[in-house]
Amino acid sequence: MEALCRFRAGWGYPTALLCTYGFFSSVKPLEPFLIPYLSGPDKNITAEQVNNQIFPVWTYSYLVVLIPVFLLTDYLRYKPVVIFQGVNLLVTSGLLLWAQGVAAMQIMEVFYSVVTACEVAYFSYIYSVVDLQHYQKVTAYCRSVQLLGYTVGSVLGQLMVSFSLMSYQGILVLNLVLISIALVTSCFLPMPQKSMFFHRKQGVDDAATSPPVQTSINETTGEPASNGVMEPQLDRSARTVDREGHERNPEILRNQDIAACNNTASRDTGQCFGVLLRLWREFLQCYSKQLLYWSLWWALATCGYNQTVNYVQVLWDHVGGSQNFAIYNGGVEAVSNLFSAAMAYAVGFTKVNWATWGELALGSFSGLGAASLFLMTFIGNIWVCYVAYVIFKCLYMLLITIAMFQIAADLSIERYALVFGGNNFVALVLQTVITAIVVDSRGLSLKIIPQFIVYGSYFTGITILFLLRGLYTVVSTRSRTNVSQTQREDALSTWTAVDIDAGRKLNALARGTAAQSQEVTAQPK
C-alpha cells in the first residue's frame, strides 16, 4: 500500500496515465483507409467532393480554433483540455460511423480540427506535474507511445482490410471502444496546480491576495454559523464580528463583499491582459536572426508537409484505383512511422555543426523531398508512390527534429512553447491560403495531380531559398574563420618579432655588463 502511495505521489503515476491516454487515442485503424471508406458504398461520397469540399474544412476550422485553444489550455491547466480532446475524438468517430452526406462530414472535420488543436495539451500537461530533471524521460515516453499507437493502428487496420477480418464500420466500432478507454483514463489524471503562463505562482498569489476571513456568530449559542461561512442576516440576534471581536453591520458587510468580488474580477481581468501582453513581448524577443531562418523553414515545410499528408490518400486512390491495386495504405503508414522514428533518433548521435551546415542541409533535403513529390505525381505507379511517400515523410521528420532542438537549445521552455505555437500558426495560415486557392471548390479546385505538382513546386522554392542561404552562411563562416586565422598569425608574427628584438637588446645589455665587470677586475689595486 505504501509503495502504491509513493507511486501515485511521484512522477511515474501521471506519466503512466498520460501515456495510456496517448496510446489509445492514437490507435486509429481506419485513418489510412479514410478515402476508400468515404468514397465506398458506406458513405457514397465522390473523391472530388472529399478533396474539394470536405478536407478543406479541417484547415479553415483549425486556423480558427488554434489560438483560443492554445490560450485556454494554459488557463485551464491542461487536464480539462485533454478530456475535451477525448470527447471530440469520440464525436468525430461517431459522426464517421453514423452520419451521412457531405454536410455531416464537414461537421466531422470541424470536430477533428478541435482534436488537432488540443494536441498541445497532451504535450504540455506532463511538464506541469513533473520536476525539471524528468523532462527528457517523460517527453521521450509520451512521444514514443503516441508513435507506437499510430503504428499499431496502421498495422491493425491493414491486417483487418487485407484479410477481410472486419468491415470499415466494424473498424470504427473498435475505434470508438479504444477512444472510450482513452477518455476514461484522462479523467484520472491529477489536476496540475500550475501552468507556464497564467498560473505560475497561483498558490502564493492566492494566499497573499485573499481577503480576511470573517465568521458569523450567533449570540444565543456562541457558535459559528453553518460551515463556518459568513452568512449576513438582518436579524439582530445574529450579528457578525471580525477576528478582533468588533461587531459589524451585516448590510455593510454585504456591500463590502460585493466590492471585493468586483475588485477580484477586475484584478483577474487585468492579470489576463498582463499575461497576454507579456506573452506578446516575449514572442517578439524569441526570434534572433539565426532562429528566424530555422523558424521560417519550420513554418514553410510544415505547411507543405500537412498538405501532402492530408491529400496523399486521394492520390493513392487515383493511381491505385486505375490499376485495380490492393490497398496497402496502413502498411505504408506503419513503415513510414518506424523509419521516421529511426531517422529522428539517429539525429541525436550525429556530430555536425548545424549552426554552419544546418541551412544547407535544410535546402538539400528539401530538394530530395520535392523530388519525391514529383515522382509520386508523374510516375503513375502505386509502388513508386508508396516508396516516395516514405522517403518524403522520413526527410521531413529528420529535418523538423533538427530544427526543433536547434531552436530549443537557445530558449527557455516558456519561450519554446511560444515559438512552437507561432511557427505552427504561420504554417497553418500558409496552408489555409494554399487550400483556398488550390483545393477549395470556390478557388481553382484543381484535380489531385495538378495539386501535387503545386506541392512539388512549393518544396522546390523552399530548396532554392535555403540552398542560397546555406551557401551564404558557409562562405561567410569560412571567410570569418580565415580572417581570424590571419589575424592570429599576424599577431603571432608581431609578438615573435618583438620577442627577438627584446632578446637582442638583452644580449647586448648582458655583454656590456660583462665588459664593465672585466674592466673593474683588471684595474690595479
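Note that the structure is predicted; figures quoted are calculated from it, not measured.

Colleague: Run through the environment of Leu-147, naming residues and quoting values.
Modeller: You can see Leu-147 is positioned in helix 8 (residues 135–162). Each C-alpha atom of the pair Leu-147 and Ser-340 lies 9.7 Å from the other, and the pair is 193 residues apart in sequence.

Colleague: Can you lay out the nonpolar core for me, pointing to particular residues and giving the numbers?
Modeller: Within the largest apolar cluster, 73 residues are counted, with the highest numbers of intra-cluster contacts made by Phe-55, Leu-96, Met-105, Trp-297, Trp-316, Met-376 and Phe-452. Residue contacts for Met-105: discarding those within four places in its chain leaves Leu-38, Ile-45, Ile-54, Leu-95, Leu-96 and Ala-99. If you look at the next biggest cluster of nonpolar residues, it comprises 35 residues, including Val-65, Leu-66, Tyr-135 and Leu-279.

Colleague: If you had to explain empty space enclosed by the protein to someone new, which residues and values would you point to?
Modeller: Which parts of space are left empty comes out when a probe the size of a water molecule is rolled across the atoms. Counted according to the given criterion, the structure contains 2 cavities of 30 Å³ or more. In this structure, the largest cavity spans a volume of roughly 60 Å³. Around the largest cavity, the lining residues are Trp-297, Ala-301, Phe-365, Ser-366, Gly-369, Phe-392, Leu-395, Tyr-396, Leu-399 and Phe-459. Every element with two or more residues in the lining of the largest cavity is listed here: helix 12 (289–322), helix 14 (354–378) and helix 15 (382–408). If you tally residues by element for the lining of the largest cavity, the top one is helix 15, at 4 residues. Looking at the lining of the largest cavity residue by residue, the class counts come to 8 nonpolar, 2 polar and no charged. Every residue along the wall of the second largest cavity is listed here: Phe-123, Ile-126, Tyr-127, Val-138, Thr-139, Cys-142 and Arg-143.

Colleague: Just give me the short version of the pattern of salt bridges, but keep the residues and values in it.
Modeller: The final tally for this structure, using the stated rule, is 3 salt bridges. We note a salt bridge from Glu-359 to Arg-469, for which the minimum N-O separation is 3.2 Å. One end of the pair, Glu-359, is in helix 14; the other, Arg-469, is in helix 17 (residues 448–522), with 110 residues separating them in the sequence. Like Arg-469, Glu-359 is buried. As a salt-bridge pair, Arg-442 and Asp-440 come within 3.2 Å of each other at their nearest N and O atoms. Owing to a relative accessible area of 71%, Arg-442 belongs among the exposed residues under this scheme.

Colleague: Quick one: what's the story with helix 6 (residues 102–117), residue by residue and with numbers?
Modeller: Taking 1.5 Å of rise per residue, the 16 residues of helix 6 would be expected to cover 22 Å, and the 23 Å separating its terminal C-alpha atoms lies within 8% of that figure. For helix 6, every residue scored as buried is listed here: Val-102, Ala-104, Met-105, Met-108, Glu-109, Ser-113, Val-114, Val-115 and Ala-117. Buried positions along helix 6 lie against helix 3 (34–39), helix 4 (47–75), helix 5 (79–98) and helix 7 (119–125).

Colleague: Summarise helix 13 (residues 329–347); cite the residues concerned and give the values.
Modeller: With 19 residues, helix 13 extends 27 Å between its outermost C-alpha atoms, agreeing within 8% with the 27 Å of an ideal straight helix rising 1.5 Å per residue. Of the residues making up helix 13, those classed as buried are Asn-329, Gly-330, Val-332, Glu-333, Ala-334, Ser-336, Asn-337, Ser-340 and Val-347.

The rules behind these values
- Residues numbered from 1 in each chain as written.
- Predicted model: local features only at pLDDT ≥ 70, side-chain atom pairs only at ≥ 80, totals over all residues.
- Heavy atoms only, no water.
- Helix = DSSP H or I, 4+ residues; strand = E, 2+ residues; numbered from the N terminus.
- Core = buried A, V, L, I, M, F, W, Y, C linked by side-chain atoms within 4.5 Å.
- Buried < 20%, exposed > 50% of the residue type's maximum accessible area, 1.4 Å probe, protein only.
- Contact = heavy atoms within 4.5 Å.
- 1 Å grid on protein atoms, 1.4 Å probe; cavity = no way out; pocket = protein on both sides within 12 Å on 5 of 7 lines; lining within 4 Å.
- Points joined across faces, edges and corners; volume = space filled by probe spheres on them.
- Nonpolar A, V, L, I, M, F, W, Y, C, P; charged D, E, K, R; others polar.
- Salt bridge = Lys/Arg side-chain N within 4 Å of Asp/Glu carboxyl O.
- Expected span 1.5 Å × (residues − 1).

That's the geometry; what it means functionally is another story.
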